[in-house]
Amino acid sequence: MNTRAKRLILPLGGAIVATSMIGATLSNSASAQAKPAPVKSGSLANGTDAKAIAGSWTPSKLKAAKSYLEDSSLSGKLKKSTSKASADGKAGTVAPTGDGDKTAGTSKNVNLPTNVGKVFFQVDGKPYWCSGTSVQSKYHNLVATAGHCVYDTDKNEYVDNFVFIPGYYQGKAPWGVYVGAKVNLHDDFTVYEDYDYDYAFVNVYNGVKQTGEKVVAKNEYDAYKGPKWAKDEEITKDEYQKKVDEKGGETADAWSKSTGSEIVLPWGTAGGQRVVKEVSKDEFDKAPAADSKVNFAKAPGKTATEIVDEVTYEKYTGPGYKKIVDSAYTITHYYVKYWVKKTTTVKYYKTVFHIKTFVDAGRLGDNVGGQGFTWNRSTKAKQFSFGYPTATHLDGNKAYTGETMKWCYGQTAAAPAVSKYKAEEQLAIKCAFTPGATGGPFLIVYKSSKRTGYVNGVVSLTLDTDGNGRYDHITTPYFNSDTYGIYKYAANLWTGKLTTS
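Residues numbered from 1 in each chain as written. Predicted model: local features only at pLDDT ≥ 70, side-chain atom pairs only at ≥ 80, totals over all residues. Heavy atoms only, no water.

(A) Main features of the overall build of the chain. Secondary structure summary: the chain contains nine helices and 31 strands in total. For the chain, the proportion of its 501 residues judged to be buried stands at 50%. Summarising the internal contacts of the chain: among those between residues at least 6 apart in sequence, 77% fall at separations of at least 24. Accessible surface, the chain: about 23,100 Å² in total, of which carbon and sulfur atoms supply 50%. (Helix = DSSP H or I, 4+ residues; strand = E, 2+ residues; numbered from the N terminus. Buried < 20%, exposed > 50% of the residue type's maximum accessible area, 1.4 Å probe, protein only. Contact = heavy atoms within 4.5 Å. Areas by Shrake-Rupley, 256 points an atom, 1.4 Å probe, with all protein chains shown as cover.)

Quick look at the structure:
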């Protein structure tokens with residue numbers, strides 16, 4: 001494939017980054033690139049905000065997130081591409097790193113990779129997710145996913161609050177949450193929205209794991225940017241007065257609240273008073289007669305029937321008794337009377353400030369390993385794809401939940417050309433994945449025993465190629481020398497750990 005054929009004009013002052021250096025350990029082939037990598041690189045979060053971002057993805061928010069359907073699916077009878085992807089140089093590989101004895105479950109004798117997971121992010125304040133995978137890199141901090149899962153082509157801006165959770169399972173983050181620090185895409189994707197380059201390599205900070213909570217002073221609470229909450233706790237009058245004396249008045253350390261209450265007494269008890277309350281007809285019928293000297297009784301003098309219009313009658317949901325009498329809509333109200341003594345109670349409180357606490361979970365690749373990377377490979381290779389499909393098929397059938405990882409296997413072939421996305425040279429395998437799997441890896445030479453292979457693509461589009469309402473293919477950009485150049489640049493970027501407390 002001519003990697004520059006569709007790039008008509010390079011933007012003046014554009015963010016095209018040339019790179020010629022990378023750690024020698026990253027490649028075991030003689031495939032050094034002579035041309036600069038067309039990288040569009042940007043920042044997703046700084047170290048100060050990253051801890052708060054990690055903490056904001058609570059289990060409930062993770063489950064509430066939706067799969068990112070924007071720019072990911074198409075239906076209709078699609079023709080095969082007339083322009084086939086092809087290598088533009090020598091094939092190359094970067095070896096994977098294993099994940100030890102860790103397991104993430106099995107499916108039909110295929111061991112699922114622990115370093116595949118979900119990427120979560122926000123667009124316009126709403127939570128979404130795609131799939132992604134950890135890839136080998138110098139600092140063990142790299143995630144591969146689809147370009148449209150990190151870059152909003154409508155607004156020409158990056159998504160917010162990006163995190164990666166390897167081995168995600170039903171709201172759980174077994175190896176921590178990894179906040180996105182830097183994103184690296186092909187310039188043709190960000191400038192021309194060309195889905196032949198719909199991939200991204202995201203550098204992440206060290207992971208964080210939530211360990212518990214602690215009580216802090218208000219000034220520390222106010223300054224803390226992570227998950228926090230305040231809770232009112234009751235204290236004694238003596239504790240209240242001591243704090244008031246120290247502070248010179250009521251503060252969050254001590255404050256009072258008065259509440260009124262009613263104690264029901266036998267009828268006529270000294271210090272009490274009469275209270276009338278509307279009740280249902282059943283409660284009224286069960287109440288003692290009006291002259292009973294007990295704590296409550298009927299109040300027949302208050303009972304009244306009103307005639308209302310049909311709309312009022314239908315909408316009424318109160319305790320009154322509804323009945324149609326001689327075509328008239330009636331509501332009868334019944335009352336009982338109580339003898340009560342009203343009291344005022346003063347209680348004393350303080351506000352206790354809580355924050356979530358975290359520990360550094362270490363580097364992504366140290367915890368779950370990293371898949372290998374390969375480029376300029378055959379366009380007819382047998383490959384696995386892993387991800388978290390969730391959306392319904394176009395006919396409404398919901399085959400997946402999105403809470404567990406799934407896999408497909410097949411031989412790649414030229415994908416249908418999709419002009420809507422300028423996707424003319426993608427590859428595809430037959431697969432019933434629905435959106436949600438977008439961003440998950442295509443893995444060549446996947447060894448189930450080691451749970452590792454070589455990333456040779458990422459899920460870009462989910463297609464219904466015959467128009468029958470069921471997704472039947474997933475596509476990937478072809479990984480060529482440009483892809484390697486962008487990977488190579490990203491694989492040498494350092495991010496580092498976060499300060500945890």
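Still to come is the rest of the account.
(B) Just the pattern of salt bridges, in detail. Throughout the structure, instances matching the rule amount to nine salt bridges. One salt bridge in this structure joins Glu262 and Lys342, with 3.9 Å as the shortest N-O distance. Taken as a pair, Glu262 in strand E17 (residues 255-264) and Lys342 in strand E22 (residues 328-362) lie far apart in primary sequence, 80 residues in all. (Salt bridge = Lys/Arg side-chain N within 4 Å of Asp/Glu carboxyl O.)

(C) Local environment of the pairing of strand E12 (residues 160-166). The element E12 is largely enclosed, with a buried count of five among its seven residues. Here strand E7 (residues 116-123) runs beside E12; their pairing, made up of five bridges, is antiparallel. Within E12, the position partnered with Gln122 by the bridge is Asp160. Pairing geometry for E12 and strand E13 (residues 178-186), over two bridges, is antiparallel. Bridging from a neighbouring strand, Val163 pairs with Val179 of E13. (Pairing = 2+ DSSP bridges.)

(D) The arrangement of the sheet that holds strand E29 (residues 452-458) in detail. If you trace the six strands from one edge of the open sheet to the other, you get E4-E23-E29-E28-E24-E25, paired in mixed fashion. The open sheet terminates on both sides in strands that have one partner only, identified here as strand E4 (92-94) and strand E25 (406-411). Strand-to-strand twist of the sheet, defined as the mean angle between neighbouring strand axes without regard to direction, takes the value 30 degrees. In the sheet, strand E24 (residues 382-387) pairs with E25 via six bridges, with the strands oriented antiparallel. Each bridged residue has a counterpart across the sheet, and for Ser385 the counterpart in E25 is Cys408. Its contacts with the sheet place helix H9 (residues 481-490) against E4 and strand E23 (372-375), and it is angled at close to 150 degrees to E23. (Axes fitted to C-alpha atoms, helices over the stretch in contact; angles between N-to-C directions.)

(E) Local environment of the packing of aromatic side chains. As enumerated under the stated definition, the model contains 29 aromatic pairs in all. Centre to centre, the rings of Tyr151 and Tyr158 are 5.5 Å apart; their planes meet at 70 degrees, and the pair counts as edge-to-face. The residues Tyr151 and Tyr158 share a single accessibility class, namely buried. Taken together, the ring pairs in this structure connect Tyr199, Phe201, Phe373, Trp375, Phe479, Tyr484 and Tyr487 into an aromatic cluster. The ring centre of Trp57 lies 4.3 Å from the NZ or CZ of Lys61, which sits over that ring. Lying over the aromatic face of Tyr335, Lys302 brings its terminal NZ or CZ to 5.1 Å of the ring centre. (Phe/Tyr/Trp six-rings, centres within 6.5 Å; stacked < 30°, edge-to-face > 60°. Lys NZ or Arg CZ within 6 Å of the ring centre and 35° of its normal.)

(F) Geometry of the confidence of the model for the chain. Averaged over every residue, the pLDDT of the chain is 85; the share at 70 or more is 86%. Contacts for the low-pLDDT stretch residues 7-34, under 50 throughout, to residues beyond four places or in other chains number 58 contacts. (pLDDT = per-residue confidence, 0-100.)

(G) Inspection of unusual backbone geometry at higher detail. The phi dihedral of Glu193 falls on the positive side, at around 55 degrees, and the residue is not glycine. Along the chain, the position of Glu193 falls in the loop between helix H3 (187-192) and strand E14 (200-204). A relative accessible area of 30% means that Glu193 is categorised as partly exposed. Even without glycine at this site, Ser327 takes up a positive phi of about 70 degrees.

(H) Up close: the state of the cysteines. Taken as a whole and assessed by the stated rule, the structure comprises two disulfides. In this model Cys130 forms its disulfide with Cys149; the gap between the sulfur atoms is 2.1 Å. Given an S-S torsion of about -85 degrees, the disulfide between Cys130 and Cys149 has left-handed geometry. Within this pair, whereas Cys130 is found in strand E8 (residues 126-135), its partner Cys149 is found in the loop between strand E9 (142-145) and strand E10 (151-152), the two being separated by 19 residues in sequence. Covalently, Cys408 is tied to Cys431 through a disulfide, its sulfur atoms 2.0 Å apart. Residues Cys408 and Cys431 are joined by a disulfide whose S-S torsion is about 75 degrees; by sign, that bridge is right-handed. Linking Cys408 in strand E25 with Cys431 in the loop between strand E27 (427-430) and strand E28 (441-447), this pair joins segments that are 23 residues apart in sequence. Per residue, the accessibility class of Cys408 equals that of Cys431, and both read buried. Once the bonded cysteines of the chain are numbered in order along the sequence, the disulfide links fall as 1-2, 3-4. (Disulfide = S-S within 2.5 Å.)

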